[in-house]
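Given next are the chains, with one letter for each unit.
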Amino acid sequence: MAEQYAYVPHRLLRRRVRDIASGTEGELMAVINENVSDTAIEHWTELAYIRGPSGREFTTAVSDVESAG
């Protein structure tokens, strides 16, 4: 079985960012290329993990991440 994820470098790691889709701000903790397939056909996507004000992390598309500062 192949790896299900791989870490990706990003210029905003550990910086304050905003999720354009939700408007929520937080710290970008990681960008991960994840295998999100549920069938035999692999589908990979890059997800940004953001730690919000509550301390809980959420994911969003990397294209929806912008600097908040």
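Please refer to the structure placed before this passage.
Because the structure is predicted, anything quoted here is derived from the model rather than measured. (Residues numbered from 1 in each chain as written. Predicted model: local features only at pLDDT ≥ 70, side-chain atom pairs only at ≥ 80, totals over all residues. Heavy atoms only, no water.)

K.L.:
Explain the pairing of strand β3 (residues 25-35) to me, please; I cannot follow it from the model alone.
P.N.:
For β3, the buried fraction is high: eight of the eleven residues fall into the buried class. Bridge analysis of strand β1 (residues 5-7) against β3 gives three bridges, and the strand direction is antiparallel. In the sheet register, tyrosine 5 faces β3, and the bridge partner there is glutamate 34. Bridge analysis of strand β2 (residues 16-19) against β3 gives three bridges, and the strand direction is antiparallel. Among the inter-strand pairings, arginine 16 is bridged to a residue of β3, identified as glutamate 27. Connecting the antiparallel pair β2 and β3 is a turn made up of five residues, with glycine 23 showing a positive phi of about 80°. (Buried < 20%, exposed > 50% of the residue type's maximum accessible area, 1.4 Å probe, protein only. Helix = DSSP H or I, 4+ residues; strand = E, 2+ residues; numbered from the N terminus. Pairing = 2+ DSSP bridges.)

K.L.:
Would you take a moment to explain unusual backbone geometry for this structure?
P.N.:
What you tend to see is this: most non-glycine residues have negative phi, and most peptide bonds are trans. Although it is not a glycine, arginine 14 adopts a positive phi angle of roughly 65°. For arginine 14, the location among the structural elements is in the loop between β1 and β2.

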